[in-house]
Amino acid sequence: MKVLVAVKRVVDFNVKVRVKADQTGVETANVKFSMNPFDEIAVEEAVRLKEGGQATEVVAVSMGPAQAQETIRTALAMGADRGIHVQSDAELQPLAVAKLLKAIVDKESPTLVIVGKQAIDDDSNQTGQMLAALLGWAQGTFASRVDLKDGTVAVTREVDGGLETVDLKLPALVTTDLRLNEPRYASLPNIMKAKKKPIDALTPEALGVDVAPRLTTLKVEEPPKRQGGKKVGSVAELVDKLKNEARVI
């Protein structure tokens, strides 16, 4: 069984994000990038399926500029077998990524696709659902447990009232949540081995996908700074301020 995993290059979660002076986006010059944390969980789950004998091959896919190959190499060092890089310097929005992934799925014919539930840069939480819709596949989102069975996959997911388990017929798509697993650190020998693993280079044009943005970002602003608190003399004064100043009651 082949498992396909999507990985995204994002600003490292330890970096304090700064808005550009012209408010067109966030500052990315001289900033550390790394693999999206939810995608690390997706890679870890795919590698565990292979180590457990339930998968035969793990393919890592990333889209973006040439530097995205570094993210693919990280996935290869974690245990993926080969990579696919769709090189594009354009702004790739969720729908465009879903269309590119569909083209790759049609080409690779995996049995299971695992993606992070969202990327920490745009927090869209859309790509997995859009991809499942384009493929016409069953989907299990926000997975905290994945159990492969004969022709099906059981996905346990957190809902407001507790846990819900859904049985999906394969092929299927799963999006990962934080509680699914703890990603491994790539060892130095595996990092060296990853340099020899193949990465196929593709372009959106070769896949026949139009990646032109459908949405336009008008302005990016930092959140307002938190104001200092106030002391009140009585419960009545507190209620009055919450009602008339904060307007939360």
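Here is what the cut-offs are and how they apply
- Residues numbered from 1 in each chain as written.
- Predicted model: local features only at pLDDT ≥ 70, side-chain atom pairs only at ≥ 80, totals over all residues.
- Heavy atoms only, no water.
- UniProt positions renumbered as here; feature names shortened; annotations may be inferred.
- Pairing = 2+ DSSP bridges.
- Helix = DSSP H or I, 4+ residues; strand = E, 2+ residues; numbered from the N terminus.
- Axes fitted to C-alpha atoms, helices over the stretch in contact; angles between N-to-C directions.
- Contact = heavy atoms within 4.5 Å.

Per an unreviewed UniProt entry, the protein goes by Electron transfer flavoprotein subunit beta and derives from Aliidongia dinghuensis. For the record of the protein, the UniProt heading Sequence similarities (unreviewed entry) holds the text "Belongs to the ETF beta-subunit/FixA family." Its UniProt record gives the protein the following Cofactor (unreviewed entry) comment, quoted word for word: "AMP".

(A) Region of the structure containing the sheet that holds strand β7 (residues 138-148). In spatial order, the strands read β9-β8-β7-β10-β6-β1-β4-β5-β11; together these nine strands make up an open sheet with mixed pairing. What marks the edges here is a single partner per strand, and that holds for β9 (162-169) and β11 (199-202). Shown here is a sheet whose adjacent strand axes are inclined to one another by a mean of 35°, direction ignored. Along the sheet, helix α2 (residues 68-78) makes contact with β4 (57-64), β5 (82-87) and β11, crossing β5 at roughly 165°. Running at roughly 145° to β4, helix α3 (residues 94-108) makes contact with β1 (2-6), β4, β5, β6 (112-116) and β11 of the sheet.

(B) Looking closely at the UniProt feature "domain: Electron transfer flavoprotein alpha/beta-subunit N-terminal" (unreviewed entry) in the protein. Mapped onto this numbering, the UniProt entry gives "domain: Electron transfer flavoprotein alpha/beta-subunit N-terminal" (unreviewed entry) at residues 23-211. Between the C-alpha atoms that bound residues 23-211 there is a distance of 23 Å. The span itself is 32% helix and 31% strand.

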